[in-house]
Amino acid sequence: METTFIFIKPDAVQRGLMGQILGRFERKGLQIVGTKLMSVPTDLAKKHYAEHEGKPFYDGLIKFVTSSPVLAIAIRGVNAVTVCRTLIGATNGQKADPGTIRGDFGMSGGFNMIHGSDSLESAERELALWFPEGTLDYSRTLDTWCYDPSDL
Ligand code: DAT
Ligand code: MG
């Protein structure tokens, strides 16, 4: 099992898409193990996006994610990092495949509704930043029907 880090960005929160987006992860069979509706302090945004510092879109990105609340989410499942990135789709909504969150709901490269960790290492780093208190460990009976024993 992997745990990955997702956050629903200010544009999607403001557009009333939190429930629909969260529902896509749930219906896939992934387990929600943490949620937090929060304003993002600038220092947290900068730590989170440290790899992009100096890029042309960096200042706008920090301004955007700190402009209005986000929904931080921790998600657990087999190959959760890759599965969530697949559900999210390509960075720019105009290019993202239909069926993905960005492909179905968005038209923008910057206001692209959602973040998902891009590797297990990123997930561990980001979860430590956003959920320093840890995530919830609980079992769900439905997991016995979401995975066949060979998946585990
Ligand atoms: P992703 O969020 O798909 O992992 P990324 O890590 O390359 O994409 O970039 C982080 C965020 O920065 C992305 O979600 C939106 C913003 N961004 C990236 N490239 C951009 C660009 N060319 N113009 C505007 N914003 C951009
Ligand atoms: Mg990224």
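As the structure is a computational prediction, the values presented were derived from the model and not from experiment.

### Some thoughts on helix H5 (residues 80-88)
Buried within H5 are the following residues: Ala-80, Val-81, Cys-84, Leu-87 and Ile-88. Seen end-on, H5 carries its buried residues on one side only, within an arc spanning 130°. For H5, the exposed residues lying more than 90 degrees away from the buried face are Thr-82 and Thr-86. The elements touched by buried residues of H5 are strand S1 (2-8), helix H2 (18-28), strand S3 (70-77), helix H6 (101-105), strand S4 (114-116) and helix H7 (120-130). Residue Gly-89 follows H5 closely and has a positive phi angle near 90°.

### Quick look at the pairing of S1
With seven of its seven residues buried, S1 lies for the most part within the structure. Alternating positions in S1 separate into two faces, Glu-2, Thr-4, Ile-6 and Ile-8 on one and Thr-3, Phe-5 and Phe-7 on the other, with burial throughout. By the bridge criterion, seven bridges tie S1 to S3 in an arrangement that is antiparallel. Along S3, the bridge assignment pairs Phe-7 with Ala-72. Note: S1 against S4, three bridges, orientation antiparallel. Considered in S4, the bridge of Ile-6 is made with Gly-116.

### Points about the packing of H2 against H5
At a minimum axis distance of 11 Å, the contact between H2 and H5 shows a crossing angle of 130°. The orientation of H2 with respect to H5, classified from their angle, is oblique. The handedness of the crossing between H2 and H5 comes out as right-handed. Between H2 and H5, the contacting residues are Arg-24, Phe-25 and Lys-28 on the first element and Val-83, Cys-84, Leu-87 and Ile-88 on the second. By residue class, the composition of the contact of H2 with H5 is five nonpolar, no polar and two charged.

### What about H2?
Listing the buried residues of H2 in full gives Ile-21, Leu-22, Arg-24 and Phe-25. Each buried residue of H2 lies within a common arc of 145° when the element is viewed along its axis, so the set occupies one face. Opposite the buried face of H2, by more than 90 degrees, sit the exposed residues Gly-19 and Arg-27. With its phi angle positive at about 110°, Gly-29 sits one or two positions after the end of H2.

### Focus: unusual backbone geometry
If you check the backbone angles, Asn-79 has positive phi at about 55° while not being a glycine. With respect to the helices, strands and loops of the structure, Asn-79 is situated in the loop between S3 and H5. For Asn-79, a relative accessible area of 45% puts it in the partly exposed group. Even without being glycine, Met-113 reaches a positive phi, approximately 70°. Inspection of the secondary structure puts Met-113 in the loop between H6 and S4.

Quick notes on the rules
Residues numbered from 1 in each chain as written. Chains lettered and ligands numbered in written order. Predicted model: local features only at pLDDT ≥ 70, side-chain atom pairs only at ≥ 80, totals over all residues. Heavy atoms only, no water. Buried < 20%, exposed > 50% of the residue type's maximum accessible area, 1.4 Å probe, protein only. Helix = DSSP H or I, 4+ residues; strand = E, 2+ residues; numbered from the N terminus. Arc of directions from axis to C-beta. Contact = heavy atoms within 4.5 Å. Pairing = 2+ DSSP bridges. Axes fitted to C-alpha atoms, helices over the stretch in contact; angles between N-to-C directions. Parallel < 35°, antiparallel > 145°, perpendicular 65-115°, else oblique. Left-handed = near helix turned anticlockwise from the far one by under 90°. Nonpolar A, V, L, I, M, F, W, Y, C, P; charged D, E, K, R; others polar.

Remember, this is a structural readout, not a statement about activity or role.
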